[in-house]
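Listed below, chain by chain, are the residues.
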Amino acid sequence: MKTFQHPFAKILSAAAFAATFANSASAQVVQTPTGVPVTRGKALNPDIGMNFLGLVQESSQGSDPNSSFPDGISFQEAELLFSADVDPYFHGVGLFSISQDPTTREFGFEPEEIYLETIFLPSVSLRAGKFKAAFGRHNLLHTHAFPFIDAPLILDEIFGDEGLNEMGISGAVLLPTPWFSEVTAQALSGDNSLIFNSPTAPGYAGVAHLKNLWDLSDSTTLEFGASGLTGGNSFDAQSKGWGTDLTLKWRPAEGGKYRAFIWSTEYMRVTRELDPAGEDLGGIASWFQYQFAERWWAQARVEFVGIPKPTDDAATTQKQSVLLGFFPTEFSGFRLQYDHLKPSDAETAEHRVALQWNISIGAHPAHNY
Amino acid sequence: MRQFKILGITLLWISAFTITAPAHAKLDVLATTTDLAYIASRVAGDLGSVSSIAKGTQDPHYIEAKPSYMVKASKADLVLAVGLELEIGYLPNILRGARNPKIMPGNPGYLELGPQVNPLEIPRGKVTRAEGDVHPDGNPHFTLDPVRASDAAMLIARRMGELDSENAEQFAENAKTLQAELSEKTKQWQERIRKSGVKNIVSYHKTLTYFFNRFGLQNPAILEPKPGIPPTSGHILEVTRLIRSEKIPLILVENFFDPAVTRKIAQEVPSVRVVVVPVAVGGASEASTLPELYEALVRAVEGGAGR
């Protein structure tokens, strides 16, 4: 748009520009009564938060090296989170996790997710950095947001106890449908020691996920997702996997503070194409969470690893869990969980009881729905 | 790499959609609360289509960031929010998931009303969560004051005029009409409240601060021991004692809370009236507009419909 500028206006605007420039430095600093300058520079600090999870556990089989956490009192995990807009184009997130090795008892400080994400593009958001891969729903969750104290068995079996967490580039497109439909495609560095880690560099791996979510009513939503992964593995063969998830959520529009339920099921299966008989790992987890009062939840989960059975005599595992949770506020929670774990090749079942405390301080970004 | 080809093709496909997308005839407005949606629909009239994320029956602090709201936001020209940390639990997720750069904070398609209408109860000194769910920048429930609601209407009209300059005058006129209507009714409501003789009211949460402030009422106690903490028996005892000693005639309970606690108090102190009230447009069938909502609250004070 062309505007006519009177010569006098040009001088005025130049003067105004100079004035604001001269003022801008001192405008940041305000003198307080004590004479100590206070700057508003802190206003641009990132949002900072910390989550902490601690655990007391007793299991019938003593400290099992295969279990994620030892018996007794343990430091499950702490997370430091920093997030801020980088500039008009990107948002930056840094999430660091601190945990204790169950056997060596040493503490480790590791990046869990550090990435930039675009905020200026329509319909698509691009992400680059280290992040949790979009395979299924549970893999995207941080430990303090897990619906139970531990992750589903099949996730641990396939990806290891860190889940599928890689350096990568990701694009997530919001499809122009009347319901929420999103396609995510990710190119990953293929570092996962269990299913990737190809000896031929660069060992790229790929993950794709389709997420659909429908509002069945004001109170109820249904989500259906499908995932796929592929990548070279350490045996110089190709790992291929697929998964599907279905989640039904209800929270009434009236009285919704006091009642809700979530029913979620996830199935995943990965083959490493090594020995077709022994290298096809699939399993399912289905859990139900019921909020029966303002601060109370009762939950149950059933899991089965070994669907399909790779060979007739291959071992399978069943696990059932129940949990009671008390949440004084949205920033603190206490959960008591009982697990019954029965591998088909074990003589006796393992019983485990654990009490977890879960708190967060500082800026706490909203959880995904 | 096949993965990159797929990503590239997907991006091309998406750009086809965005480049050829037709211009909106009407302004597409998404508000976080039903009160803001009502104000926006009065200001926009036929020139806009307005929807709300929260329902009038929901506690506005605890809305979940449902992906369906991201779809709505992806098509919106303007997002209206209260701010003052009311929507901090869900709105950032919705805005980022919407992938609509127009409505990102800092752009004209995003407007926060709360900080601009002179908020009340801005805490002094250090603020911590030990004091409960405090709003560090002030109480966000400003739409329960008809004067501030009118101020918001003027701000919304100005922003709509910036986005749709052809109709800027119409938006401004609609806002002035709403302001005049509310201003006239406010005088009548103030008179009726004065006549009712009610001075002190206990409430469940601090939702009604702005309503009390506008209509000269005091709120000497709330049933929550601290904001966001459910009533404890010790605190209920204290409040019951206060109701007796100060002869407080009325308890108003926001209708998204469980009225069981207040029923207990009503049994202890038969002289106190307990009324469950809507505190947002659409919160009850008799409160389908903002004037109707204020009317329902005034009637609750006067001694009308008690549930």
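Residues numbered from 1 in each chain as written. Chains lettered and ligands numbered in written order. Predicted model: local features only at pLDDT ≥ 70, side-chain atom pairs only at ≥ 80, totals over all residues. Heavy atoms only, no water.

1. Comments concerning the interface of chain A and chain B
Thought 1: Taken residue by residue, the interface counts 46 residues in chain A and 42 residues in chain B.
Thought 2: Carbon and sulfur atoms supply 64% of the area that chain A and chain B bury against each other, a total of about 3800 Å² over both sides.
Thought 3: Among the residues chain A hides against chain B, the three largest losses belong to A:Leu174, A:Lys257 and A:Tyr369. Together they make up 15% of the total.
Thought 4: There are 4 salt bridges connecting chain A and chain B.
Thought 5: Between A:Lys257 and B:Asp59 there is a salt bridge, and its shortest N-O distance comes to 2.9 Å.
Thought 6: Joining chain A to chain B, the criterion identifies 11 residue pairs in polar contact (both at pLDDT 80 or more). (Contact = heavy atoms within 4.5 Å. Buried area = accessible area lost by both parts, 1.4 Å probe. Salt bridge = Lys/Arg side-chain N within 4 Å of Asp/Glu carboxyl O. Polar contact = N/O pair within 3.5 Å; in protein donor to acceptor, adjacent residues only side chain to side chain.)

2. Some details on the nonpolar core
Thought 1: Ranked by internal contacts, the top residues of the largest apolar core, which has 74 residues, are B:Leu80, B:Met160 and B:Phe211.
Thought 2: Other than its neighbours up to four places away in sequence, B:Phe211 contacts B:Leu144, B:Ile193, B:Leu217, B:Tyr294, B:Leu297, B:Val298 and B:Val301.
Thought 3: Grouped together as the second largest cluster of nonpolar side chains are 25 residues, A:Ile119, B:Leu30, B:Val71 and B:Leu95 included. (Core = buried A, V, L, I, M, F, W, Y, C linked by side-chain atoms within 4.5 Å. Buried < 20%, exposed > 50% of the residue type's maximum accessible area, 1.4 Å probe, protein only.)

3. Some remarks on the side chain of A:Glu112
Residues and elements named next belong to chain A.
Thought 1: For Glu112, the position within the fold is in strand β6 (residues 107-118).
Thought 2: On the accessibility criterion, Glu112 (8% relative accessible area) is buried.
Thought 3: With residues near it in sequence (within four places) discarded, Glu112 still touches Glu77, Glu79, Leu95, Phe96, Ser97, Lys130, Lys132, His142 and Asn165. (Helix = DSSP H or I, 4+ residues; strand = E, 2+ residues; numbered from the N terminus.)

4. Describing the packing of helix α8 (residues 233-246) of chain B against helix α9 (residues 260-268) of chain B
All names here are of chain B.
Thought 1: Where α8 meets α9, the axes come as close as 11 Å, and the angle between the chain directions of the two elements is 45 degrees. In this view, α8 runs oblique relative to α9, as classed from their interaxial angle. Like other packed secondary-structure pairs, α8 and α9 cross with a definite hand, here right-handed. Of α9, the residues touching α8 (which contributes Ile236, Thr240, Ile243 and Arg244) are Val261, Ile265 and Glu268.
Thought 2: Residue classes in the contact of α8 with α9 are distributed as 4 nonpolar, 1 polar and 2 charged. (Axes fitted to C-alpha atoms, helices over the stretch in contact; angles between N-to-C directions. Parallel < 35°, antiparallel > 145°, perpendicular 65-115°, else oblique. Left-handed = near helix turned anticlockwise from the far one by under 90°. Nonpolar A, V, L, I, M, F, W, Y, C, P; charged D, E, K, R; others polar.)

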